[in-house]
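Each chain is listed here by its residues.
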Amino acid sequence: DPKDKGDQSNAQFALLGLRACQESGVDIPKETWAAARKFMLYTQRPDGGWGYYFKDMRDKTSYGSLTLAGIGAMAICEYYLGTKEPLKTASVQKGIAWMARRLDFAENPEVTSSNVIDPLAWHYYYLYSIERAGNLLNTEKFGPIEWYPGGASWLLKNQNHDGSWHTG
């Protein structure tokens, strides 16, 4: 039941794991993909994005990292439910439209409006989610912005002299 509380970021990781299993020859039942899709559609906000939906807490706003996790999760579900081009589905298009208006590599868009999570702790997860969604959809851009060069440039600019990155 999608009304049962879940967690879209963990759902993204679970779906990536199920995708790896499917690609390795483990048959994942269509019902599993359909249930995950139903949950992701239920938690997509009217503006096209996603915010956190965890236990008894639901964000009052959409923000970047969870919108990208939702886009990636929907792409996986749609693909394994038989959609040849998940990029063209309504839910993914709504998520991409939300993201295209806000894509910024220096900050996780709208995350400071979250009433559920610590907004400063998830920047690298946001960058990871840009990469996952872009690769899963086989797209180079979100709106007019090329995601790979933008993310790589930010990472290189913010790398410490010893090769590490500050994690806040």
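Okay, so let's go over this structure. The model shown is predicted, which means the values in this text are computed figures rather than measured ones. (Residues numbered from 1 in each chain as written. Predicted model: local features only at pLDDT ≥ 70, side-chain atom pairs only at ≥ 80, totals over all residues. Heavy atoms only, no water.)

## Concerning the pattern of salt bridges
And then number 1: Scanning all chains against the criterion turns up 5 salt bridges.
And then number 2: Across the pair Arg102 and Glu110 runs a salt bridge, and its minimum N-O distance is 3.7 Å.
And then number 3: The class for Arg102 is partly exposed, based on a relative accessible area of 24%. (Salt bridge = Lys/Arg side-chain N within 4 Å of Asp/Glu carboxyl O. Buried < 20%, exposed > 50% of the residue type's maximum accessible area, 1.4 Å probe, protein only.)

## Details of the environment of Gly151
And then number 1: Considering the arrangement of structural elements, one finds Gly151 in helix H6 (residues 147-157).
And then number 2: Classification of Gly151 by relative accessible area gives buried; the value is 12%.
And then number 3: C-alpha of Gly151 to C-alpha of Ala35: the two residues are 116 residues apart in sequence and 32 Å apart in space. (Helix = DSSP H or I, 4+ residues; strand = E, 2+ residues; numbered from the N terminus.)

## A look at helix H5 (residues 123-136)
And then number 1: For H5, which comprises 14 residues, the first-to-last C-alpha distance of 20 Å matches the rise-based estimate of 20 Å (1.5 Å per residue) to within 8%.
And then number 2: For H5, the tally of buried residues reaches 10 of 14 residues, placing the bulk of the element in the interior.
And then number 3: Buried residues of H5: His123, Tyr125, Tyr126, Leu127, Ser129, Ile130, Arg132, Ala133, Gly134 and Leu136, and no others.
And then number 4: In this fold, the buried residues of H5 make contact with helix H1 (8-23), helix H3 (64-80), helix H4 (90-100), strand S3 (141-142) and H6.
And then number 5: Immediately downstream of H5, the backbone of Asn138 shows phi near 55 degrees, a positive value. (Expected span 1.5 Å × (residues − 1). Contact = heavy atoms within 4.5 Å.)

## A short note on the side chain of Ser91
And then number 1: With respect to the element layout, Ser91 can be found in helix H4.
And then number 2: Ser91 sits in the buried class, given a relative accessible area of 8%.
And then number 3: A distance of 2.7 Å separates a polar atom in the side chain of Ser91 from a polar atom in the side chain of Gln44.
And then number 4: In contact with Ser91, not counting residues within four places along its chain, are Leu41, Gln44, Trp50 and Met74. (Polar contact = N/O pair within 3.5 Å; in protein donor to acceptor, adjacent residues only side chain to side chain.)

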